[in-house]
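Topology and contacts: notes
Chain by chain, the residues run as shown.
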Amino acid sequence: MGTDTWQGDAVGLVEAFRSGERNPIDELAAAYDAIDASDLNAVCFTDRDAARAEAAGADVSKPFGGVPIGVKSLNEVEGWPYDEASVPLKDQIGTHTTTQVERIRRDGGAVLAAQCTSSEFGGVNLTRTVLHGATHNPWQHGRTPGGSSGGSASVVAGGLLPIATGGDGGGSIRIPAGFTGLVGLKATFGRIPLGPNTQYGNLTVTTGCMARSVRDTARWFDVCNGHDPTDPLSLPRVEGWERDLGTYAPALRGARVAVAPGWGGAVVSPVMWELLEEAATQLIADCAMTRTDEVDTHVPRMGGAWSISGMIEIRAALGDLYPDCADDLTPEMKYGLATTEGKYGEEGRARIERRRTEVNHAMAKIFDPVDGVDFVITAANPDVAFDAEGPLASVFGGIEAGMGNNGQLTFPANLHGNPAISVPAGQLDGLPIGLQIIGRHFSEPLLLDLAGTMERNRPWPLTSHST
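Residues numbered from 1 in each chain as written. Predicted model: local features only at pLDDT ≥ 70, side-chain atom pairs only at ≥ 80, totals over all residues. Heavy atoms only, no water.

1. Some points on the nonpolar core
Judged by nonpolar contacts, the single largest core of 87 residues is most densely connected at Trp 220, Trp 263 and Phe 375. By size, the runner-up hydrophobic cluster in this structure holds 24 residues, among which are Ala 34, Ala 55, Ile 173 and Ala 177. (Core = buried A, V, L, I, M, F, W, Y, C linked by side-chain atoms within 4.5 Å. Buried < 20%, exposed > 50% of the residue type's maximum accessible area, 1.4 Å probe, protein only.)

Printed below as a string of structure tokens:
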């Protein structure tokens with residue numbers, strides 16, 4: 001990869017455009033040179049003529065004016081491949097552009113530079129598919145950047161593009177952010193609309209970005225948040241995300257915090273947790289918060305109900321192509337569809353709703369304004385990044401916990417709709433580790449201020465090792 005691409009954050013690049021230090025046309029050209037030279041396998045499509053036209057007409061007065069961005073392949077763009085990273089759907093073309101992508105291009109002024117690889121149907125925290133192969137972690141080739149927003153994380157952490165879209169239905173922003181040293185905010189459910197063709201599935205998916213800095217994340221939400229009638233569950237617009245960064249110290253002072261290494265029933269590498277607990281302790285002190293061990297942070301697992309609910313949507317997308325296409329699917333999707341087939345009936349649906357209700361009650365109790373905590377701090381991942389080719393890790397810091405341990409730390413926030421953020425918190429064996437902070441619904445501004453405190457007091461590289 002070349003070093004001519006912008007190695008700072010997206011906000012800094014806009015400032016460089018405005019000052020005349022750099023220009024969008026040359027920046028896009030540098031990005032394409034870097035993508036062509038890269039061995040990360042993080043980009044699966046480019047529409048270069050259209051991108052060059054966008055760069056030539058860029059309005060750098062806009063929040064992301066002229067910034068070349070990556071678009072996760074699961075975020076539909078009209079005229080681009082929309083294959084769900086799946087061989088059976090490889091000829092499918094997008095018929096519309098998602099609300100988030102349209103807002104970041106139209107209102108933000110960003111240039112849609114490249115489509116980034118994802119895990120198949122977004123169903124695994126590993127970006128390795130039959131269609132596109134394995135995507136690599138910029139910090140160490142041969143390790144995964146996670147998933148499902150793995151390609152987005154890889155291009156941003158690898159210095160190819162300064163920012164990219166992401167989506168989080170079970171941890172798919174926070175997991176790759178933790179593996180690659182990025183900021184990854186999963187917002188309150190509904191914060192950014194899922195339209196225009198909204199499909200809710202199991203009611204856990206949110207969209208956002210993979211970013212190098214807290215201010216990039218805040219500016220992204222300034223542009224993209226707000227109700228859209230095509231997504232009736234989307235939330236009203238909130239202003240001042242970037243403007244109000246750093247102003248919430250009084251609200252954080254005295255906040256009650258639970259530090260939960262086994263959050264969601266997960267097993268976490270003991271060596272990694274030592275580093276994360278030190279970071280958590282420092283953050284609590286820096287913000288004058290109060291740690292408490294008096295609140296029961298146990299969250300029931302969805303178990304098989306989660307898998308059943310997720311596979312329904314995948315089965316519908318494949319339609320008449322399944323089961324003949326089973327051998328063209330990644331092992332995880334093939335296994336998931338086979339083991340959950342026929343299990344979604346009256347009894348299955350009732351079980352899903354019972355489990356969801358149990359999770360909701362537990363989470364509401366944990367975050368009760370009177371008797372609960374304001375924040376839960378845990379890990380973003382149970383260990384450092386595993387092999388890019390898979391399989392999913394089953395041993396974490398020397399402890400056997402099974403493949404089902406992957407994602408346990410991130411699921412609860414999706415199931416209850418809470419905002420949660422992964423923040424870079426150091427390295428282990430040369431690989432990044434992420435601290436995850438979960439808050440009450442609508443508390444994203446507080447989470448961003450906590451992340452900003454870490455960014456100031458424990459600064460991280462804006463981009464990682466180049467390949």
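2. A short note on the sheet that holds strand E14 (residues 420-428)
The mixed open sheet is built from 11 strands, whose spatial order is E1-E3-E2-E6-E8-E7-E14-E15-E11-E9-E10. Each edge of the open sheet carries a strand with a single partner, namely strand E1 (43-45) and strand E10 (290-291). Summarising the sheet, strand E9 (residues 256-259) and E10 pair through 2 bridges and their orientation is parallel. In the sheet register, Val 257 faces E10, and the bridge partner there is Arg 291. Those strands touched by helix H14 (residues 444-457) are strand E7 (183-186), strand E11 (375-379), E14 and strand E15 (431-439), and its axis lies near 15° from that of E14. (Pairing = 2+ DSSP bridges. Helix = DSSP H or I, 4+ residues; strand = E, 2+ residues; numbered from the N terminus. Contact = heavy atoms within 4.5 Å. Axes fitted to C-alpha atoms, helices over the stretch in contact; angles between N-to-C directions.)

3. A look at helix H1 (residues 10-19)
Most of H1 sits out of view: 7 of its 10 residues are buried. By the burial criterion, the buried members of H1 are Ala 10, Val 11, Gly 12, Leu 13, Val 14, Ala 16 and Phe 17. Structurally, H1 contributes buried residues whose contacts are with helix H2 (24-37), strand E2 (68-72), strand E6 (163-168) and helix H7 (214-224). Two residues or fewer after H1 comes Gly 20, characterised by a positive phi angle close to 90°.

4. A few points about the pattern of salt bridges
Summed over the entire model, instances satisfying the criterion amount to 22 salt bridges. One salt bridge in this structure joins Asp 36 and Arg 48, with 2.7 Å as the shortest N-O distance. With Asp 36 in helix H2 and Arg 48 in helix H3 (residues 48-56), this residue pair connects regions lying 12 residues apart in the sequence. Judged by its relative accessible area of 22%, Arg 48 falls in the partly exposed class. The partner of Asp 244 in a salt bridge is Arg 243, and the shortest N-O contact between them spans 2.9 Å. The exposure class assigned to Asp 244 is buried, which follows from its relative accessible area of 19%. Classification of Arg 243 as exposed rests on a relative accessible area of 62%. (Salt bridge = Lys/Arg side-chain N within 4 Å of Asp/Glu carboxyl O.)

5. Looking at the environment of Thr 180
Tracing the backbone through its elements, the reader meets Thr 180 in helix H6 (residues 174-180). If near-sequence neighbours (up to four positions away) are discounted, Thr 180 is found in contact with Asn 137, Pro 138, Trp 139, Pro 145, Ala 153, Ala 157 and Pro 432.

6. Brief notes about the environment of Ala 85
Residue placement: Ala 85 occurs in the loop between E2 and helix H4 (99-106). Here the alpha-carbon distance between Ala 85 and Gly 336, two residues 251 residues apart in the chain, equals 16 Å. The contacts of Ala 85, once residues within four sequence positions are left out, are Ser 73, Ser 118, Ser 119, Glu 120, Thr 129, Leu 131 and His 132.

7. So, H2
Between its first and last C-alpha, H2 extends 20 Å over 14 residues, near the 20 Å set by a 1.5 Å rise per residue. Regarding H2, the residues found buried are Pro 24, Glu 27, Leu 28, Ala 30, Ala 31, Tyr 32, Ala 34 and Ile 35. One side-chain oxygen at the N-terminal end of H2 lies 3.1 Å from the backbone nitrogen of Ile 25; it belongs to Asn 23. (Expected span 1.5 Å × (residues − 1). Polar contact = N/O pair within 3.5 Å; in protein donor to acceptor, adjacent residues only side chain to side chain.)

8. Examining the pairing of strand E8 (residues 206-211)
Among the 6 residues that make up E8, 6 are buried, leaving the element largely enclosed by the rest of the structure. Two strands pair when backbone bridges link them, and E7 and E8 are joined in this way by 2 bridges, in the antiparallel orientation. Along E8, the bridge assignment pairs Gly 184 with Met 210.

9. Looking at the packing of helix H9 (residues 270-286) against H14
The relative placement of two packed helices comes down to the angle between their axes together with the axis-to-axis distance. It is at 10 Å that the axes of H9 and H14 come closest, and there the two elements cross at 105°. When the axes of H9 and H14 are compared, the pair comes out roughly perpendicular. Residue-level contacts link Ala 279, Gln 282, Leu 283 and Asp 286 of H9 to Leu 450, Thr 453, Met 454 and Asn 457 of H14. Taken together, the residues that form the contact of H9 with H14 break down as 4 nonpolar, 3 polar and 1 charged. (Parallel < 35°, antiparallel > 145°, perpendicular 65-115°, else oblique. Nonpolar A, V, L, I, M, F, W, Y, C, P; charged D, E, K, R; others polar.)

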